[in-house]
Amino acid sequence: MTDAIYHPTTPEIAARRKELAPHTHEAFEAFSRAVFAEGALPEKTKQLIAVAVAHTTQCPYCIQGHARLARRKGASDEEIMEAVWVAAEMRAGGAYAHSTIALGELAK
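Residues numbered from 1 in each chain as written. Predicted model: local features only at pLDDT ≥ 70, side-chain atom pairs only at ≥ 80, totals over all residues. Heavy atoms only, no water.

### What to know about the nonpolar core
One broad rule of soluble globular proteins: the nonpolar side chains tend to lie buried together.
Okay, so step 1: Counting residues in hydrophobic clusters, the biggest one holds nine residues: L48, V51, A52, A70, A75, I80, A83, V84 and A87.
Okay, so step 2: Of all the secondary structure elements, the ones that give two or more residues to this core are helix 3 (43-57) and helix 5 (77-106).
Okay, so step 3: The biggest single contributor to this core is helix 5, with four residues.
Okay, so step 4: Once you skip the residues sitting within four places of it in the chain, A75 turns out to touch K44, L48, A70 and I80. (Core = buried A, V, L, I, M, F, W, Y, C linked by side-chain atoms within 4.5 Å. Buried < 20%, exposed > 50% of the residue type's maximum accessible area, 1.4 Å probe, protein only. Helix = DSSP H or I, 4+ residues; strand = E, 2+ residues; numbered from the N terminus. Contact = heavy atoms within 4.5 Å.)

### Digging into a nonpolar patch on the surface
Okay, so step 1: A contiguous nonpolar surface patch, about 290 Å² in accessible area, is contributed by I5, Y6 and Y61.
Okay, so step 2: One can find Y61 in helix 4 (residues 60-72). (Patch = residues over 30% accessible without salt bridge, like charges linked within 9 Å, V, L, I, M, F, W, Y side chains within 5 Å. Areas by Shrake-Rupley, 256 points an atom, 1.4 Å probe, with all protein chains shown as cover. Salt bridge = Lys/Arg side-chain N within 4 Å of Asp/Glu carboxyl O.)

### Considerations on the pattern of salt bridges
Okay, so step 1: Enumeration according to the criterion identifies six salt bridges in this entry.
Okay, so step 2: With a shortest N-O distance of 2.9 Å, E43 and K73 are connected by a salt bridge. Of this pair, E43 sits in helix 3 while K73 sits in the loop between helix 4 and helix 5, and the two are 30 residues apart along the sequence.

### Examining the packing of aromatic side chains
Okay, so step 1: All told, the structure shown has one aromatic pair when counted by the stated rule.
Okay, so step 2: Judged by centre distance (6.0 Å) and plane angle (85°), the rings of Y6 and Y61 are edge-to-face. Of the two residues, Y6 sits in the segment before helix 1 (11-20) while Y61 sits in helix 4, which places them 55 residues apart along the sequence.
Okay, so step 3: Accessibility expressed as a relative area gives 33% for Y6, which makes it partly exposed. (Phe/Tyr/Trp six-rings, centres within 6.5 Å; stacked < 30°, edge-to-face > 60°.)

### Re the UniProt feature "domain: Carboxymuconolactone decarboxylase-like" (unreviewed entry) in the protein chain
Okay, so step 1: Mapped onto this structure's residue numbering, the UniProt feature "domain: Carboxymuconolactone decarboxylase-like" (unreviewed entry) falls at residues 22-100.
Okay, so step 2: For the annotated span residues 22-100, helix accounts for 85% and strand for 0% of the residues, and the straight-line distance between the end C-alpha atoms is 45 Å. (UniProt positions renumbered as here; feature names shortened; annotations may be inferred.)

### Some remarks on helix 3
Okay, so step 1: Here helix 3 spans 20 Å end to end across 15 residues, near enough to the 21 Å set by a 1.5 Å rise per residue.
Okay, so step 2: For helix 3, every residue scored as buried is listed here: K46, Q47, L48, A50, V51, A52 and A54.
Okay, so step 3: Next to the buried residues of helix 3 lie helix 2 (22-36), helix 4 and helix 5.
Okay, so step 4: Looking at the residues trailing helix 3, positive phi occurs at Q58, about 60°. (Expected span 1.5 Å × (residues − 1).)

Here you go:
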């Protein structure tokens, strides 16, 4: 991660977020724990989904955190990279699909 663009997350920043909105912070953390808990999908699969979504939303903090968590849940480097490629295809697919809008205008 490039420090010149994105500042590293620190314990002080995390504490300040919690201090400014403690109830919302706890609700978000509880929601996150529930979402990533073992369920119909195993935790590893959920983390691989998160890796792909993080690349689609282009959140460097999420990319870093969920790649790390995916590995901790047993994902291989190859699985993580495949998740990244799924995200790349989905972003490209969105541009391709939206060409319908441009082509509709060209037909006028």
